[in-house]
Amino acid sequence: NINDGSLIVDTDSYVKLVLNNVNINNKSGPAIIIEKAKSVVIELSEGSINKLSDGSNYDNEDYSGCIFSRSDLIFNGKGTLNLVSHYLDGIVSVDDLKFISGKYVIDSNDDGIRGKDSVNIINGEFIINSKNDGIKSNNEFDKNKGFVNIVNGKFDINSEGDGIQAFNKLIIYD
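In short, a report on the structure.

Rules used throughout
- Residues numbered from 1 in each chain as written.
- Predicted model: local features only at pLDDT ≥ 70, side-chain atom pairs only at ≥ 80, totals over all residues.
- Heavy atoms only, no water.
- Patch = residues over 30% accessible without salt bridge, like charges linked within 9 Å, V, L, I, M, F, W, Y side chains within 5 Å.
- Areas by Shrake-Rupley, 256 points an atom, 1.4 Å probe, with all protein chains shown as cover.
- Salt bridge = Lys/Arg side-chain N within 4 Å of Asp/Glu carboxyl O.
- Helix = DSSP H or I, 4+ residues; strand = E, 2+ residues; numbered from the N terminus.
- Core = buried A, V, L, I, M, F, W, Y, C linked by side-chain atoms within 4.5 Å.
- Buried < 20%, exposed > 50% of the residue type's maximum accessible area, 1.4 Å probe, protein only.
- Contact = heavy atoms within 4.5 Å.
- Pairing = 2+ DSSP bridges.
- Polar contact = N/O pair within 3.5 Å; in protein donor to acceptor, adjacent residues only side chain to side chain.
- Axes fitted to C-alpha atoms, helices over the stretch in contact; angles between N-to-C directions.

Before going further, it helps to examine a nonpolar patch on the surface. On the surface, a cluster of nonpolar side chains totalling about 350 Å² of accessible area is made up of Ile 100, Ile 122, Val 151 and Tyr 173. Mapped onto the elements, Val 151 comes out in the loop between strand 17 (147–150) and strand 18 (154–159).

Printed below as a string of structure tokens:
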């Protein structure tokens, strides 16, 4: 447990973080920061309930989410992630964001989930309450990016903006 701080990843390697009943609260920034990595996998251990939260103001305004990543970010596992973002987004990656499995309960002060280049959801359960968009991909400069691709999953999205917003393409299979 981290009562007032962040877990920070800054490496040239691939990283796998296994969350097993983790509780991280940062009053002045993101709970998890991925500054640099080839890619990061966050695995939710089976049966675990993980809690992340941030404060309403950040010391570093370059960050915009309770989980903030400058690298590709992949979520999987059979646990639960409860996330409260008091500042802006819940989960944000400036690259690609992928969900393979897991349960995500997100309350955010802006977007619930935002992958700038893309959001790919293979499966999972998503309960999102957001004051802007629920799920968003907003790369407007590359026509091959800025998409949301959903293959399967269960969704309960309550947003003041769009439930799902994609700049270039939204694909939903099942």
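With that settled, the discussion passes to the nonpolar core. Nonpolar side chains tend to gather and get buried jointly when the protein is soluble and globular. Ranked by internal contacts, the top residues of the largest apolar core, which has 33 residues, are Phe 75 and Ile 91. Setting aside its immediate chain neighbours within four residues, Ile 91 contacts Ile 67, Leu 73, Phe 75, Leu 81, Leu 83, Leu 97, Phe 99, Ile 106, Gly 112, Ile 113 and Arg 114. If you look at the next biggest cluster of nonpolar residues, it comprises six residues, including Ile 33, Tyr 58, Tyr 63 and Phe 68.

The subject of this paragraph is unusual backbone geometry. Despite not being glycine, Asn 21 shows a phi value in the positive range, around 60°. Looking at the element boundaries, Asn 21 is found in the loop between strand 2 (14–19) and strand 3 (23–26). Classification of Asn 21 as partly exposed rests on a relative accessible area of 47%.

Side chains Ile 24 and Asn 26 project from strand 3 onto a buried face, and the interleaved Asn 23 and Asn 25 project onto a face without burial. Sheet topology note: the strand 3/strand 6 (residues 49–54) ladder contains four bridges and is parallel. Residue pairing in the sheet places Asn 23 in a bridge with Lys 51 of strand 6.

Residue position: Ser 118 is located in strand 14 (residues 118–121). In this structure the side chain of Ser 118 is engaged in a polar contact, spanning 3.4 Å, whose partner is the side chain of Asn 120. If near-sequence neighbours (up to four positions away) are discounted, Ser 118 is found in contact with Asp 95, Asp 96, Leu 97, Ser 137 and Phe 147.

The subject of this paragraph is the side chain of Ser 137. Note that Ser 137 resides in strand 16 (residues 135–137). One polar contact links the side chain of Ser 137 to the main-chain carbonyl oxygen of Lys 116, over a distance of 3.1 Å. Residues within four places of Ser 137 in sequence aside, it is in contact with Gly 115, Lys 116, Asp 117, Ser 118, Val 119, Gly 146, Phe 147, Val 148, Gln 165, Ala 166 and Phe 167.

Scanning all chains against the criterion turns up eight salt bridges. Residue Glu 43 is joined to Lys 16 by a salt bridge in which the shortest nitrogen-to-oxygen separation is 2.9 Å. Here the residue Glu 43 occupies a position in strand 5 (residues 39–44), and Lys 16 occupies one in strand 2, the gap between them amounting to 27 residues. Residue classification places Glu 43 among the partly exposed positions, given a relative accessible area of 22%. Overall, the relative accessible area of 52% leaves Lys 16 in the exposed class. Two residues, Lys 136 and Asp 133, come together in a salt bridge whose shortest N-O distance is 3.2 Å. Note on accessibility: Lys 136 and Asp 133 belong to one class, buried. Taken together, the shared-partner salt bridges in this structure form one network comprising Asp 89, Asp 111, Arg 114, Asp 133 and Lys 136.

Quick look at the sheet that holds strand 20 (residues 169–172) now. Taking strand neighbours across the sheet as the criterion, the seven strands line up as 2-5-8-11-14-17-20 in an open arrangement whose pairing is parallel. Each edge of the open sheet is held by one strand with a lone partner, namely strand 2 and strand 20. Between one strand axis and the next, the sheet turns by 10° as a mean value, whatever way the strands run. As paired strands, strand 2 and strand 5 are joined by six bridges and run parallel to one another.

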